[in-house]
Amino acid sequence: WTQNDRASGYQICYSTNSEFQGGRSIDIPSTQNPQKVIGGLKEGERYYIKVRAFNSFGSRTYYSAW
């Protein structure tokens, strides 16, 4: 994905279902080269992935569109 210099971090959602029902989410902090290796995936299985940026201000977190 393309880095957003104003983001506090990114949320990655992945699932074997294209509607992301039962999907899992991972939050990662913003870095100069954001990336994440997702372990535990099953070989031969098709996975769908979506990413969005977020900003945290105090106790609130604001998310971009996927």
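Quantities reported herein were computed from a predicted structural model and do not represent experimental measurements.

Participant: I'm lost on the sheet that holds strand β2 (residues 24–29) in this one. Help?
Facilitator: Where strands meet in a sheet, backbone hydrogen bonds hold them as pairs that are either parallel or antiparallel. Across the sheet, which stays open at both edges, the 4 strands sit in the order β2-β1-β3-β4 with antiparallel pairing between neighbours. The outermost strands of the open sheet, each flanked by one partner alone, are β2 and β4 (60–63). Strand-to-strand twist in this sheet, taken as the mean axis angle between neighbours without regard to direction, amounts to 30 degrees. Note that strand β1 (residues 9–15) and strand β3 (residues 48–57) share 7 bridges and pair antiparallel. Bridge pairing in β3 places glutamine 11 opposite arginine 52.

Participant: Sorry, what's going on with the environment of valine 51 here?
Facilitator: Among the secondary structure elements, valine 51 is positioned in strand β3. In this structure, the C-alpha to C-alpha distance between valine 51 and alanine 65, residues 14 residues apart in sequence, is 8.6 Å. Filtering out sequence-adjacent residues up to four positions away, valine 51 remains in contact with Trp1, Tyr10, Gln11, Ile12, Ala65 and Trp66.

Participant: How should the environment of valine 37 be read in this particular structure?
Facilitator: Along the chain, valine 37 turns up in the loop between β2 and β3. Of the residues examined, valine 37 reaches a relative accessible area of 74% and is grouped as exposed. Sequence spacing of valine 37 and tyrosine 63 is 26 residues, and the spatial spacing of their C-alpha atoms is 22 Å.

The rules behind the values
- Residues numbered from 1 in each chain as written.
- Predicted model: local features only at pLDDT ≥ 70, side-chain atom pairs only at ≥ 80, totals over all residues.
- Heavy atoms only, no water.
- Pairing = 2+ DSSP bridges.
- Helix = DSSP H or I, 4+ residues; strand = E, 2+ residues; numbered from the N terminus.
- Axes fitted to C-alpha atoms, helices over the stretch in contact; angles between N-to-C directions.
- Contact = heavy atoms within 4.5 Å.
- Buried < 20%, exposed > 50% of the residue type's maximum accessible area, 1.4 Å probe, protein only.

By themselves, these observations are geometric and do not establish any function.
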